[in-house]
Amino acid sequence: MQNFTVYNQTDEERLRAIVIVVDNFDVVRESGPEMEEFFTRLSRDGAGLGIFLIITATRVNGVKYSILNNFKIKIAGYLFDATEASALVGKSSYKLPEIRGRALVKTVNVNIMQVYTMVKFENDIEYNQKIKELIGRIAAKYPDRRAPRIPVLPEQFRYEMLSDFADGREPFDLAVGLEVESVTRAGFTRDQSPFVIIGETAKGKTNMLKVLLCQIAGSGTAYVFDSAAMGLYPCREKEGIVYVQDEDEFEDFMDRMKRLCAERKLRCRQALEEDDAMTPTAYYRTEDAVYIVIDDMDKFLADGSAFGEELYHVMTDAAECGVGIIVTVHSARLKGYDALSKWVKAASHGLVLSPQGTLNIFPVRVQREYPQMGRGLLFHNGEYVTVQLPECGK
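For clarity, every value in this text was computed on a predicted model and none was experimentally measured.

A. The arrangement of the sheet that holds strand β6 (residues 174–179) in detail. Strand order in the open sheet formed by 10 strands is β7-β6-β15-β14-β13-β8-β12-β11-β9-β10, with mixed pairing between adjacent strands. Strand pairing shows two members of the sheet lacking a second neighbour, β7 (185–188) and β10 (241–244), which therefore form its edges. On average, adjacent strands in this sheet sit at an angle of 25 degrees to one another, irrespective of strand direction. Pairing of β6 with β7, which is carried by 4 bridges, proceeds in the antiparallel orientation. Note on β7: the bridge partner recorded for A175 is G187.

B. Representation of the pattern of salt bridges within the structure. For the structure on display, the rule yields 15 salt bridges. Notably, a salt bridge pairs R29 with E36, separated by 3.1 Å at the nearest N-O pair. For R29, a relative accessible area of 34% corresponds to the partly exposed category. With a relative accessible area of 7%, E36 lands in the buried category. Two residues, R365 and E369, come together in a salt bridge whose shortest N-O distance is 3.8 Å. Residue class for E369 comes out partly exposed when judged on its relative accessible area of 29%. A network of salt bridges, in which partner residues are shared, links D173, R190, D191 and R285.

C. Fine view of the sheet that holds strand β3 (residues 74–76). If you trace the 3 strands from one edge of the open sheet to the other, you get β3-β4-β5, paired in antiparallel fashion. In this open sheet, the two edge strands, each paired with only one partner strand, are β3 and β5 (110–114). With strand direction ignored, the average angle separating the axes of adjacent strands in the sheet is 30 degrees. On top of the sheet, helix α5 (residues 82–89) reaches β3, β4 (102–106) and β5; it is set at about 175 degrees to β3, its chief contact.

What counts, and where the lines are drawn
- Residues numbered from 1 in each chain as written.
- Predicted model: local features only at pLDDT ≥ 70, side-chain atom pairs only at ≥ 80, totals over all residues.
- Heavy atoms only, no water.
- Pairing = 2+ DSSP bridges.
- Helix = DSSP H or I, 4+ residues; strand = E, 2+ residues; numbered from the N terminus.
- Axes fitted to C-alpha atoms, helices over the stretch in contact; angles between N-to-C directions.
- Salt bridge = Lys/Arg side-chain N within 4 Å of Asp/Glu carboxyl O.
- Buried < 20%, exposed > 50% of the residue type's maximum accessible area, 1.4 Å probe, protein only.
- Contact = heavy atoms within 4.5 Å.

Any link to function would need more than the numbers given here.
Below is the structure:
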């Protein structure tokens, strides 16, 4: 059984009832006294908060009486020892017959009930198989609708699992991970550039770029500038990835960006003339997704030093024209005072993976809020949330 946390609820979530189901309460007891104490409080106080608990157990002694007494409705199926059923539901004038599916139910009084089954079956294997088939038919009938998941953070979070949490209504282009409190995907848009990923050595900066490039591949174009360690080299074979290595390719990149920006600005002016309600930001959102991905801003500045101020103008023009710019910065570096470095240091959107040293690009309220390994602080205009980050081996 996975560990889980009770998260803060939004006003909208408080209006919905939450049902927690525990199949075989023995698992809770095996998880230790802290987990059992948590369920004791949950069974006592949960209903008043709109949180309802349903549990099953193979024996009465598998659940503490302090928990059992908090349940108003109890169901006892057939048990070899009839006294155990009485211990659960109380004294009854009925005797439970040996008929499959019959059970005693305690509401106000004790009565006999017949358990409803979802499918016809002869044994447990057949039951499990037919339930899976039923779920498949329901999923095929309602392909665009999914039941809301219970907010549980995965213990091991791999990139392949990230799509499982998508709901189709996300207001961002690229996801960086799961917001810890709501267990929903969080990310950023192309117009929130530059998006700066800052952290110390071996804190997951290159891993996060791999996560983002996997999402870009096949749906957009990304110009990739790798670090000296060449951690992004395997990504060069992905569809839409342009891996820039030498000076000639750097110069070609500059020419492409200049042409792209000029063409987009021209189309934008035409769109604004045709539609008074259109804005440049809204128009650039309609253009194809293009990204500039830089692993190690210091190396990028050194490689592009021959272009001087021109590099700054190309990068800022690209950002204004809807090109997503994603940059990683080592917390102990980026000490330059050139225009491009100042532009990156003034970023309002980014991901903090460790203490920022002297850079302090993003305002973290207190030192203890800096994330542990595998998590980050996702910033948007001075506000931030803690996110769990996926591991990407691609």
